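For reference, the chains in residue letters:
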Amino acid sequence: CGFDGGRRISALFSQVDIMPTVLAAVGLECPVNVDGVNGLPLLCGEVEEVRDAVMVECVDDPQGLRLKTIVTKGRKLTWYCRKDYGELYDLEKDPGEKINCWDNPEYASDRMRLLARLLDEMEPLEKRVQRISYA
């Protein structure tokens, strides 16, 4: 398909989706071990979204900051490794991310749902080392 440049699409799209999208655009197959998804149907206007969430992580900070973030259309949650705090934003009511709802009881179910999703999505991506035995 062809598509016009200069337009804005509000759908979620991840940096890891660039390679599969470019490969699809030039007619090449994407390797099966790639984390991204083909966004060409989104760009061509065939679908409204190709993802319902995107993941962001920072694990190589020299100061030891390790975090993982999940962003959906309505929420953004950031978990900090070994910290008692985090960030949770209601992107519908607070698109500027000014009010952290992490400790707000009204958002407890959102927090648990997003933490569970983050763990479920990210854990399979963690590198594994071949082991002789498991304890």
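The structure reproduced in this document is the subject of the present report. (Residues numbered from 1 in each chain as written. Predicted model: local features only at pLDDT ≥ 70, side-chain atom pairs only at ≥ 80, totals over all residues. Heavy atoms only, no water.)

Examining the overall build of the protein chain
Item 1. Secondary structure summary: the protein chain contains three helices and four strands in total.
Item 2. Going from N to C terminus, the protein chain has its helices and strands arranged as α-α-β-β-β-β-α.
Item 3. For the protein chain, the proportion of its 135 residues judged to be buried stands at 29%.
Item 4. Within the protein chain, residue pairs in contact and separated by at least 24 positions form 34% of the contacts whose partners lie at least 6 positions apart.
Item 5. Carbon and sulfur atoms form 51% of the exposed surface of the protein chain, whose accessible area is close to 10000 Å². (Helix = DSSP H or I, 4+ residues; strand = E, 2+ residues; numbered from the N terminus. Buried < 20%, exposed > 50% of the residue type's maximum accessible area, 1.4 Å probe, protein only. Contact = heavy atoms within 4.5 Å. Areas by Shrake-Rupley, 256 points an atom, 1.4 Å probe, with all protein chains shown as cover.)

Some thoughts on helix H3 (residues 108-122)
Item 1. Between its terminal C-alpha atoms H3 stretches 21 Å, which fits the 21 Å expected from 15 residues at 1.5 Å a residue.
Item 2. All of the buried residues in H3 are Asp110, Leu114, Leu118 and Met122. When H3 is viewed along its axis, its buried side chains cluster within an angular range of 70 degrees and face the same direction. Exposed residues lying more than 90 degrees from the buried face of H3 are Ser109, Leu119 and Asp120.
Item 3. Turning to H3, the residues buried within the fold contact strand S1 (54-58), strand S2 (67-71), strand S3 (75-80) and strand S4 (86-90). (Expected span 1.5 Å × (residues − 1). Arc of directions from axis to C-beta.)

Regarding the nonpolar core
Nonpolar side chains in soluble globular proteins tend to end up buried together.
Item 1. Counting 10 residues, the largest nonpolar core is built from Ala53, Ile70, Leu77, Leu88, Cys101, Trp102, Tyr107, Leu114, Leu118 and Met122.
Item 2. With three residues, H3 is the single largest residue contributor to this core.
Item 3. Those residues in contact with leucine 88 that lie beyond four places of it in its chain are Arg75, Lys76, Leu77, Ile99, Asn100, Cys101, Trp102, Tyr107, Asp110, Arg111 and Leu114.
Item 4. One finds Leu12, Val54, Val71 and Leu91 within the second-largest nonpolar core, a separate group that totals five residues. (Core = buried A, V, L, I, M, F, W, Y, C linked by side-chain atoms within 4.5 Å.)

Notes on the side chain of aspartate 94
Item 1. Position of aspartate 94 among the secondary structure elements: in the loop between S4 and H3.
Item 2. Look at aspartate 94: it is buried, it has no salt bridge, and the nearest opposite charge is lysine 98 at 7.1 Å.
Item 3. Apart from residues lying up to four places away in sequence, aspartate 94 is in contact with Tyr89 and Ile99. (Lys, Arg positive; Asp, Glu negative; His and termini not counted. Salt bridge = Lys/Arg side-chain N within 4 Å of Asp/Glu carboxyl O.)

Focus: the packing of aromatic side chains
Item 1. Under the counting rule described, the total for this entry stands at one aromatic pair.
Item 2. Considering the side-chain rings of tyrosine 80 and tyrosine 85, the 5.4 Å spacing of their centres and the 50 degrees angle between planes classify their relative orientation as tilted.
Item 3. A residue is classified by how much of its surface remains accessible, and tyrosine 80, at 11% relative accessible area, is buried. (Phe/Tyr/Trp six-rings, centres within 6.5 Å; stacked < 30°, edge-to-face > 60°.)

Structural notes on the pairing of S4
Item 1. Counting buried positions over the five residues of S4 gives four, a clear majority of the element.
Item 2. Relative to S4, S3 runs antiparallel, the two being bridged by five bridges. Within S4, the residue paired with arginine 75 across the bridge is aspartate 90.
Item 3. Remark: five residues form the turn of the hairpin made by S3 and S4, two consecutive strands paired antiparallel; arginine 82 in that turn has positive phi of roughly 60 degrees. (Pairing = 2+ DSSP bridges.)

Points about the sheet that holds S3
Item 1. Taking strand neighbours across the sheet as the criterion, the four strands line up as S1-S2-S3-S4 in an open arrangement whose pairing is antiparallel. Strands with a single pairing partner mark the edges of an open sheet, and in this sheet they are S1 and S4. Taken pair by pair, the neighbouring strands of this sheet meet at an average axis angle of 10 degrees, ignoring direction. (Axes fitted to C-alpha atoms, helices over the stretch in contact; angles between N-to-C directions.)

Considerations on a nonpolar patch on the surface
Item 1. A grouping of Phe13, Ile18, Val22, Val26 and Leu28 is seen on the molecular surface, where their side chains present a nonpolar patch of about 460 Å² in accessible area.
Item 2. Owing to a relative accessible area of 51%, leucine 28 belongs among the exposed residues under this scheme. (Patch = residues over 30% accessible without salt bridge, like charges linked within 9 Å, V, L, I, M, F, W, Y side chains within 5 Å.)

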